[in-house]
Amino acid sequence: MLTATNLSKSYASLKVLKEVSIKLVPGQICGLLGRNGAGKTTLFKILCGLIKPDSGSFSITSSCTKPIGGIIERPGLYPYLNAYDNLKIFAGIQGAATDKHCIIETLIKVGLPLDRKDPVRNFSMGMKQRLGIAIALLNNPEYLILDEPFSGLDPIGVTSLISLITELAAIQHIAILLSSHLMAELSKCCHYLYVLDDGKIVNSGTTNQLVNNNIHNFSITATNISSSMVLRNYHAQLGANDARVVCNGNQIPVLLRELLAEGIDVTSCTPELSLEQLINTPIAS
């Protein structure tokens, strides 16, 4: 377990972290949600040992020599080298195994193709993110820290990266902490969420808790949704193939069953939650 307690950090007269406390548990994915400039990257740098806090502490329960792997901001790749050679160089820098078997095993772990021999400057943003995660995993850490991993990715890339992160937590039993300023990305993969604003944790709780307590708008997509009679019992704005419904989160399972019963083929139901709502709501736990 990784436990950070009352971490504070200032740069000159600007206090960027104010008594921040978080906890990471093996196999759990935690999200750190906050505006740009909220202090997310500073917290990650402290946890990765890149800078020291002014006060507070954190402890790690681990049997690894290097228990934390991370990507802070963007991965610093060698663009003129291929993925294999990038991994081999970073393995040497980190003191990890540099043999062919270990490098290939790491490439497979993050889902990168073994037949790509071209420079990584030709890679898509999603492939570069995967390679960055591969570098962070070279020492088989028990904790993985990812700073804005979805930045610059298209929807397909986001979905693919979420699948990888979920697999690393579930199969490798890695504790993962990732940040974003977008709720939709974190709500799809995180078990627990912390909301950071102006250097302080202003809300926290399981993802389900925050969704149920704070989300009242849902976007439901179905090809024949405009014919629904059930939605007349809800406050809903109907489109040709979608509806924006206002209700509590605990009503959604009932609504979806009712739609199915009347023959409405729902293809997606997405909660709509703004960061402002979470910032302005009293802390959940």
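Here, the structure is the one placed above.
Residues numbered from 1 in each chain as written. Predicted model: local features only at pLDDT ≥ 70, side-chain atom pairs only at ≥ 80, totals over all residues. Heavy atoms only, no water.

Regarding the packing of aromatic side chains
Working definition: an aromatic ring pair is given by the centre-to-centre distance plus the angle between the planes. This is how it is decided: The rule is short: rings of Phe, Tyr and Trp, with Trp giving its six-membered ring, pair when the centres are within 6.5 Å, and they are stacked under 30 degrees, edge-to-face over 60, tilted in between. Throughout, exposure labels follow a simple rule: accessible area from a 1.4 Å probe, protein chains only, divided by the maximum for the residue type, with under 20% read as buried, over 50% as exposed, and the rest as partly exposed.
Counted by the stated rule, this structure contains three aromatic pairs. When the centroid spacing of 6.2 Å and the interplanar angle of 70° are considered together, the rings of Tyr78 and Tyr80 count as edge-to-face. On the basis of relative accessibility, which here comes to 29%, the residue Tyr78 falls in the partly exposed class. We classify Tyr80 as exposed; its relative accessible area is 52%. Between the aromatic rings of Tyr192 and Tyr194, the centroid separation amounts to 5.0 Å while the plane-to-plane angle is 55°, which identifies the pairing as tilted. Aromatic ring contacts, followed pair by pair, group Tyr78, Tyr80 and Phe90 into a single cluster.

What about the environment of Lys100?
For clarity, the threshold we go by: Secondary structure elements follow DSSP: runs of H or I of four or more residues count as helices, runs of E of two or more count as strands, with numbering from the N terminus.
With respect to the helices and strands, Lys100 occurs in helix 3 (residues 100–109). Between the C-alpha atoms of Lys100 and Leu112, which are 12 residues apart in sequence, the distance is 15 Å.

Overview of the pattern of salt bridges
So the rule is basically this: A side-chain nitrogen of Lys or Arg and a carboxyl oxygen of Asp or Glu constitute a salt bridge if their distance falls within 4 Å.
Following the criterion strictly, the structure yields six salt bridges and no others. The salt bridge partner of Arg116 is Asp118, with a shortest N-O separation of 2.8 Å. A salt bridge links Asp198 to Lys200, with the shortest nitrogen-to-oxygen separation between them at 3.8 Å. Residue class for Asp198 comes out partly exposed when judged on its relative accessible area of 46%. With relative accessibility at 34%, the residue Lys200 sits in the partly exposed group. Among the charged side chains, a salt-bridge network with shared partners connects Lys18, Asp198 and Lys200.

Things to note about the sheet that holds strand 4 (residues 55–60)
Condition: Here the rule is simple: two strands pair whenever DSSP picks up at least two bridges between them. Lines are fitted to the C-alpha atoms to define the axes, a helix being fitted only along its stretch in contact, and any angle between axes, read from their N-to-C directions, falls within 0 to 180 degrees. Contacts between residues were defined by any pair of non-hydrogen atoms, one from each residue, lying within 4.5 Å.
The strand order across the open sheet formed by three strands is 2-1-4, and the pairing between neighbours is antiparallel. Where the open sheet ends on each side, the last strands, each with one partner, are strand 2 (14–24) and strand 4. Across the sheet, the mean angle separating the axes of adjacent strands is 20° when strand polarity is ignored. Strands in contact with helix 1 (residues 40–47) are strand 1 (2–11), strand 2 and strand 4; relative to strand 1, the strand with the most contacts, it is inclined by about 120°.

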